[in-house]
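# A closer look at the structure
Residues per chain are reported as follows:
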There are 2 protein chains.
Amino acid sequence: MSDIHPSSGPTGSLPAGTALARVDAGLDQSLERLFALLRIPSISTQPAHAADCRRTAEWLRDELAGIGLDASVRETPGHPIVVAHDLGAADRPHVLFYGHYDVQPVDPLALWDRPPFEPAIVDGPEGPRIVARGASDDKGQVMTFIEALRALREADGRLPLRVSVLIEGEEECGGPNLRPFLEANAAELGCDVALICDTSMVGRDTPAITASLRGLVGEEIVIQAADRDLHSGMFGNAARNPIAVLADILSSLRTADGGVSLPGFYDGVTVPPDGVRARWREIAGGDEALLGPVGLAEAAGERGFSAVEQTWCRPSCEINGISGGYEGDGFKTVLPAKAMAKVSFRLVAGQDPVRVRASFREHVRARIPADCRVEFHEHGGSAASAVPTDSPMLHAALGALTAEWGVDAAVIGSGGSIPVVRELQETIGVDSLLVGFARDDDRIHSPNEKYDLDSFHRGTRSWVRILHALATAGA
Amino acid sequence: MSDIHPSSGPTGSLPAGTALARVDAGLDQSLERLFALLRIPSISTQPAHAADCRRTAEWLRDELAGIGLDASVRETPGHPIVVAHDLGAADRPHVLFYGHYDVQPVDPLALWDRPPFEPAIVDGPEGPRIVARGASDDKGQVMTFIEALRALREADGRLPLRVSVLIEGEEECGGPNLRPFLEANAAELGCDVALICDTSMVGRDTPAITASLRGLVGEEIVIQAADRDLHSGMFGNAARNPIAVLADILSSLRTADGGVSLPGFYDGVTVPPDGVRARWREIAGGDEALLGPVGLAEAAGERGFSAVEQTWCRPSCEINGISGGYEGDGFKTVLPAKAMAKVSFRLVAGQDPVRVRASFREHVRARIPADCRVEFHEHGGSAASAVPTDSPMLHAALGALTAEWGVDAAVIGSGGSIPVVRELQETIGVDSLLVGFARDDDRIHSPNEKYDLDSFHRGTRSWVRILHALATAGA
């Protein structure tokens, strides 16, 4: 709970200054609240953590209600969704904040320097960082806008514009329940613009609005050969090895020049104008800027595209997991019955996830020997998304970001997938502004995930500035 | 312990009949002893089971001593070796029994119908079977000769020829300690012929002596790309995927016609004479005879060789295990830092394991991208082995097997690897007779491993006959 000081000042007429001072003065308490959120292991893809997901939703509802919003936990067939509103500024634009409270699994646990759900501030080469699973993706980012709302309420007694909040719990597991929820609640959630806080800055200090995101098609394939594990001496050579079948198939997914080999995969895919590519090279630096920090040197994908272009504007096929046979210590001369791989495709504008999935399955089936079987398990699918880059609101937000960071804010693409952008367009007909304060070295989805203290603090300040700017911007 | 009835009958002059009757009358007690042995989880490749391996060695020592042999547990740098002697029949040939007391790991445990170390007699389609890890490989087979020695001692008061026994505990983990032990104890273990009980019959009812075995080269490779797991959206396409690198390498190990692609892999490999291949086809049946029972239909290896030929006389490359990235429930859009595979080569006469290993590592290194690293871990290496097929002892043993089973015994090859055959030739200069009573459907190394009660009972009877026959055969 926090203490609200009512005020009679006209909405939005106060400078952001008072609220910014509140953010600075309340940083320690803001961190305490973020840490409480980070301590809940809300791993949405693991059924064992379903109760933790619900607990997280209830925690967020209570925080938002404490700030003074009309907040509720809404049921879905899966993990619940948190919705909150403050529509007091009747004559002002209406924004909808989006974030997700669920996090990725933590394995391999052995590679964490400290327990993933015991957050701490650790000194990093570029200043203090908040270390925990979800610190950056997405709990830290969610708390930047929640703490900004708190500071604005505390400083001004009310918000400078109409605000709704939607925080879901199935972003990391490709859950199917958000879209139907948006359809069922389109009237309640209708707004002028969605503000999505789940993206990164460029390099360390260039604030960015992400205008395009890749889509995602996730597939799990299980190949079965013999009906039992076999002795590789008694049967090796004569009996089909499902790991070998799988390796042949996975190897066939890429061409010699680094492209994806599925027929028609690149149909409808366009290359950004040279001017955009040049600006990207300028702000993103060479391949070593992206790859050097993670110990790599050369762009692995399509020839003719820089590392940043390969992730921002080119589709990809990745193998996210593989298993089969004996994986333990020592050696076992087994010829396994089954082998499994998890494969995902990142899509760009012009690609249809349904067609890509069908083309992948056809490619796989054509390579399964007559006496083997293959099973497919679908793990989410979404098309790429893009938002207009010429709206007054986008320019107002760019101005606010530039003011906070002292560096010209950039319009960029992202290699990640945020299906909600497209779902918001298709269900309630609203475009999104994707504004986030993560850094490329945040290790999201990896051991020792972190969020710079600076990202959290100045991110919160950025939202205060953006909301004031949007309060007076045309839609 | 068992009760010994001393007798003054001249060694070997009694017919086998009395001892065979003892085997039949004592079958229940023999099974109780086998079950006690099967209950000890002597998994040699897993350090956690080292004490179980020692306990198994001590159990065998006590059994052999109880029968009246001079038995001891002998230390090695790894798991101990059991040695026993009964050299009473001074004027008779000297045989050395070999077996191993260690077993394979049991995973995947979920696929076992009952706990792997709680042996039971279960009704099978072709009669009762002993079900447990090690029932067939090799504890059940070891107990056939131990129980034969017991019956001969009980029936005749002594053995018909000089007998030594060597039972090791590192056969399943490619342990390096047997060869030095044989070298250090060559004088003590010197004999006329080694009797190795670790092989199979042909089909259900054709007893067989195995005259050739494949060698084995085991390798584990670990490929590292980035220095941490990455988000496949932020980095996918631009950052090297070590699973994809691994899949390309594994896929490159086989040629389009099913052969192994390593340069020089087939140098020195010869094809058996047409007559031998014809006899094999006759006794082994078509490909469906080997593959049908495990749910497969087509021979997967080199074109132009039957399934049985692909395992008995052709070298192979198998992938025994693979892992990388996210293998759990659901989906994780991770781009892993590492991927691992366990690969083994089965070698035939003419191939050098040292050269094959070097050629494999060269093949792999040539395919590792500049900014990735590869580690190799060696897991055992042994050349193929063969024994003469024209010795009087081999023919005496064939006759004894034919008499017990009522079917002409065959001389065959085996796809498995039993390094001790070659090690015995090279250290104490003795050839081996490989006589075993396993069936191809014993599921060795797999869940629900079994040994037919019939294999155990008639196997024990077979040894009684063989020892009597060898007692009067020339070396």
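Just so it is clear, the structure is predicted and the values come from calculations on it, not from any experiment. (Residues numbered from 1 in each chain as written. Chains lettered and ligands numbered in written order. Predicted model: local features only at pLDDT ≥ 70, side-chain atom pairs only at ≥ 80, totals over all residues. Heavy atoms only, no water.)

### Describing the domain arrangement of chain A
Residues and elements named next belong to chain A. Assigned domains of chain A: these are domain 1 (11–213 + 385–471) and domain 2 (215–269 + 315–382). Taking the mean C-alpha position of each, domain 1 and domain 2 sit 35 Å from one another. When domain 1 packs against domain 2, the two sides together hide about 370 Å² of surface, and 48% of this comes from carbon and sulfur. The largest contributions to the domain 1 side of the interface with domain 2 come from Leu213, Ser417 and Pro419, which together make up 63% of the buried area. Put simply, domain 1 and domain 2 have zero salt bridges between them. Where domain 1 touches domain 2, the interface holds two residue pairs in polar contact (both at pLDDT 80 or more). Its residues assigned to classes, the side of domain 1 that touches domain 2 shows two nonpolar, four polar and no charged. (Domains from an automatic or database assignment. Buried area = accessible area lost by both parts, 1.4 Å probe. Salt bridge = Lys/Arg side-chain N within 4 Å of Asp/Glu carboxyl O. Polar contact = N/O pair within 3.5 Å; in protein donor to acceptor, adjacent residues only side chain to side chain. Nonpolar A, V, L, I, M, F, W, Y, C, P; charged D, E, K, R; others polar.)

### Overview of the state of the cysteines
Disulfides are covalent bonds that connect the sulfur atoms of two cysteines. What the rule picks out here adds up to zero disulfides over all chains. Of all cysteine sulfurs in the structure, the one in Cys173(A) sits closest to Cys53(A), which takes part in no disulfide; the separation is 7.8 Å. (Disulfide = S-S within 2.5 Å.)

### Overview of the environment of Arg365(A)
Residues and elements named next belong to chain A. Along the polypeptide, arginine 365 turns up in helix α12 (residues 353–365). Separated by 10 residues in the primary sequence, arginine 365 and glutamate 375 have C-alpha atoms spaced 9.6 Å apart. If sequence neighbours within four positions are ignored, arginine 365 has contacts with Val374 and Phe376. (Helix = DSSP H or I, 4+ residues; strand = E, 2+ residues; numbered from the N terminus. Contact = heavy atoms within 4.5 Å.)

### Comments concerning the interface of chain B and chain A
At the interface, 92 residues of chain B touch 92 residues of chain A. Buried surface at the junction of chain B and chain A, both sides included, amounts to about 7700 Å², of which 52% is carbon and sulfur. At the junction of chain B and chain A, the tally comes to two salt bridges. In this structure, the salt-bridge partner of Arg240(B) is Glu298(A), at a minimum N-O distance of 2.8 Å.

### Some details on the relation of the copies chain B and chain A
Rotating chain B by 180 degrees and moving it 0.0 Å along the rotation axis overlays it on chain A with an RMSD of 0.1 Å. Both chain copies can therefore be described as sitting about a two-fold axis. Interface overlap between copies is the fraction of interface residues in one copy that are interface residues in the other; for chain B against chain A it reaches 100%, indicating a shared surface. (Least-squares fit on C-alpha atoms with pLDDT ≥ 70 in both.)

### A few points about the nonpolar core
Leu250(A), Phe345(A), Phe360(A), Leu250(B), Phe345(B) and Phe360(B) are the most contacted members of the largest nonpolar core, which has 79 residues in total. In contact with Leu250(A), not counting residues within four places along its chain, are Ile319(A), Ile322(A), Ala341(A), Val343(A) and Ala247(B). (Core = buried A, V, L, I, M, F, W, Y, C linked by side-chain atoms within 4.5 Å. Buried < 20%, exposed > 50% of the residue type's maximum accessible area, 1.4 Å probe, protein only.)

### Things to note about the pairing of strand β2 (residues 81–86) of chain B
Residues and elements named next belong to chain B. Counting buried positions over the six residues of β2 gives six, a clear majority of the element. By the alternation rule, side chains of β2 split into Ile81, Val83 and His85 and Val82, Ala84 and Asp86, which are all buried. Note that strand β1 (residues 70–74) and β2 share five bridges and pair antiparallel. Its bridge partner being in β2, serine 72 is matched across the sheet by valine 83. In this structure, β2 lies alongside strand β6 (residues 162–168), joined through five bridges in antiparallel fashion. From the neighbouring strand, aspartate 86 faces β6, where its bridge partner is valine 163. (Pairing = 2+ DSSP bridges.)

### What to know about the sheet that holds strand β5 (residues 127–131) of chain B
Strands pair in a sheet through their backbones, by hydrogen bonds, and they do so in one of two ways: parallel or antiparallel. Residues and elements named next belong to chain B. In spatial order, the strands read β4-β5-β18; together these three strands make up an open sheet with antiparallel pairing. In the strand order of this sheet, the two ends are held by β4 (120–124) and β18 (450–452), each with one partner. Mean inter-strand twist for the sheet, computed between neighbouring axes without regard to direction, equals 40 degrees. Where β5 meets β18, three bridges bridge the pair, whose relative direction is antiparallel. Bridge pairing in β18 places isoleucine 130 opposite tyrosine 451. Against the sheet, helix α2 (residues 27–38) touches β4 and β5, its axis set at about 35 degrees to β5. (Axes fitted to C-alpha atoms, helices over the stretch in contact; angles between N-to-C directions.)

### Section: the sheet that holds strand β9 (residues 215–224) of chain A
Spatially, the eight strands line up as an open sheet ordered β14(A)-β9(A)-β13(A)-β11(A)-β11(B)-β13(B)-β9(B)-β14(B), and their pairing is antiparallel. Single-partner strands in this sheet number two, and they are β14 (373–382) of chain A together with β14 (373–382) of chain B. Looking at each pair of strands side by side, their axes are set apart by 20 degrees on average, direction ignored. Sheet analysis places strand β11 (residues 316–325) of chain A next to strand β13 (residues 338–347) of chain A, joined by eight bridges and oriented antiparallel. Among the inter-strand pairings, Ile319(A) is bridged to a residue of β13(A), identified as Val343(A). Contacting β9, β11 and β13 of chain A together with β11 (316–325) of chain B, helix α8 (residues 242–251) of chain A crosses the sheet at an angle of about 15 degrees to β13(A). The strands that helix α12 (residues 353–365) of chain B touches are β9 (215–224), β13 (338–347) and β14 of chain B; relative to β14(B), the one it contacts most, it runs at about 165 degrees.

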